[in-house]
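Next come the chains, spelled out residue by residue.
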Amino acid sequence: MLFQVCLYFYCKFLWRCLKFVMRKLTGRCELQRICYNTKPGASRTMKIETSLRDSKSKLLQTSVSVHPDAIEKTIEDIMELKKINPDINPQLGISLQACLLQIVGYRNLIADVEKLRREPYDSDNPQHEEMLLK
């Protein structure tokens, strides 16, 4: 029980304080630190997704589930919310766009696979029979 209380305290209070101190020391928000300090790939994408999902901002939380056509607008909104100048930090927008495209694409893939998984086999359906033979 004591461990759970300490963990809750760490997650809710200490982590936010640490992020605040890091922002003041480095002059960069968490998304900037991730994009500039992590090599492109799955590791960066997962860190960006975790940061966005665990944010206290609703805009950031919902940005991981936007439509692919709305990603550019979402990135502009994120940079405005975080007070990041896109002229000074052009690489951040590119990195965020790549990460968000991967996150959204992966979530769409999971939804499509789940939809296929839930579709029951029908022996009267020629498509099902053809797929079974393949």
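As named in an unreviewed UniProt entry, the chain is ELMO domain-containing protein 1, taken from Leptonychotes weddellii.

This part takes up the nonpolar core. In summary, soluble globular proteins display a tendency toward joint burial of nonpolar side chains. Grouped together as the largest cluster of nonpolar side chains are 20 residues, with contacts concentrated most on L31, I48, L52, I78, L96 and L100. Breaking this core down by element, the ones donating at least two residues are α2 (30-37), α3 (42-53), α5 (71-81) and α6 (90-118). Excluding residues within four positions of it along the chain, L96 makes contact with L31, C35, I48, I75 and I78.

Two elements in contact, α2 and α6, have axes separated by 10 Å at closest approach and are oriented at 85°. What the angle tells us is that α2 and α6 run roughly perpendicular. The residues of α6 that touch α2, namely those facing L31, Q32, C35 and Y36, are Q91, L92, S95 and L96. Residues of the contact of α2 with α6, tallied by class, amount to five nonpolar, three polar and no charged.

This brings us to the side chain of N89. Its location among the elements puts N89 in the loop between α5 and α6. Overall, the relative accessible area of 16% leaves N89 in the buried class. Leaving out residues up to four positions away in the same chain, N89 has contacts with Q32, Y36, M79 and I84.

Nonpolar side chains collect at one region of the surface, where F3, L7, F9, Y10, F13, L14, W15, L18, F20, V21, M22 and L25 lie side by side and expose about 1,200 Å² of accessible area between them. Relative to the helices and strands, F3 is located in helix α1 (residues 2-26). Given the relative accessible area of 62%, F3 is considered exposed.

As a further point, take the pattern of salt bridges. The full count for this structure, using the stated rule, is six salt bridges. With a shortest N-O distance of 3.2 Å, R107 and E49 are connected by a salt bridge. Here R107 is found in helix α6, whereas its partner E49 is found in helix α3, with 58 residues between them in sequence. Of the residues examined, R107 reaches a relative accessible area of 33% and is grouped as partly exposed. The partner of R53 in a salt bridge is D54, and the shortest N-O contact between them spans 4.0 Å. With relative accessibility at 46%, the residue D54 sits in the partly exposed group.

Quick notes on the rules
- Residues numbered from 1 in each chain as written.
- Predicted model: local features only at pLDDT ≥ 70, side-chain atom pairs only at ≥ 80, totals over all residues.
- Heavy atoms only, no water.
- Core = buried A, V, L, I, M, F, W, Y, C linked by side-chain atoms within 4.5 Å.
- Buried < 20%, exposed > 50% of the residue type's maximum accessible area, 1.4 Å probe, protein only.
- Helix = DSSP H or I, 4+ residues; strand = E, 2+ residues; numbered from the N terminus.
- Contact = heavy atoms within 4.5 Å.
- Axes fitted to C-alpha atoms, helices over the stretch in contact; angles between N-to-C directions.
- Parallel < 35°, antiparallel > 145°, perpendicular 65-115°, else oblique.
- Nonpolar A, V, L, I, M, F, W, Y, C, P; charged D, E, K, R; others polar.
- Patch = residues over 30% accessible without salt bridge, like charges linked within 9 Å, V, L, I, M, F, W, Y side chains within 5 Å.
- Areas by Shrake-Rupley, 256 points an atom, 1.4 Å probe, with all protein chains shown as cover.
- Salt bridge = Lys/Arg side-chain N within 4 Å of Asp/Glu carboxyl O.

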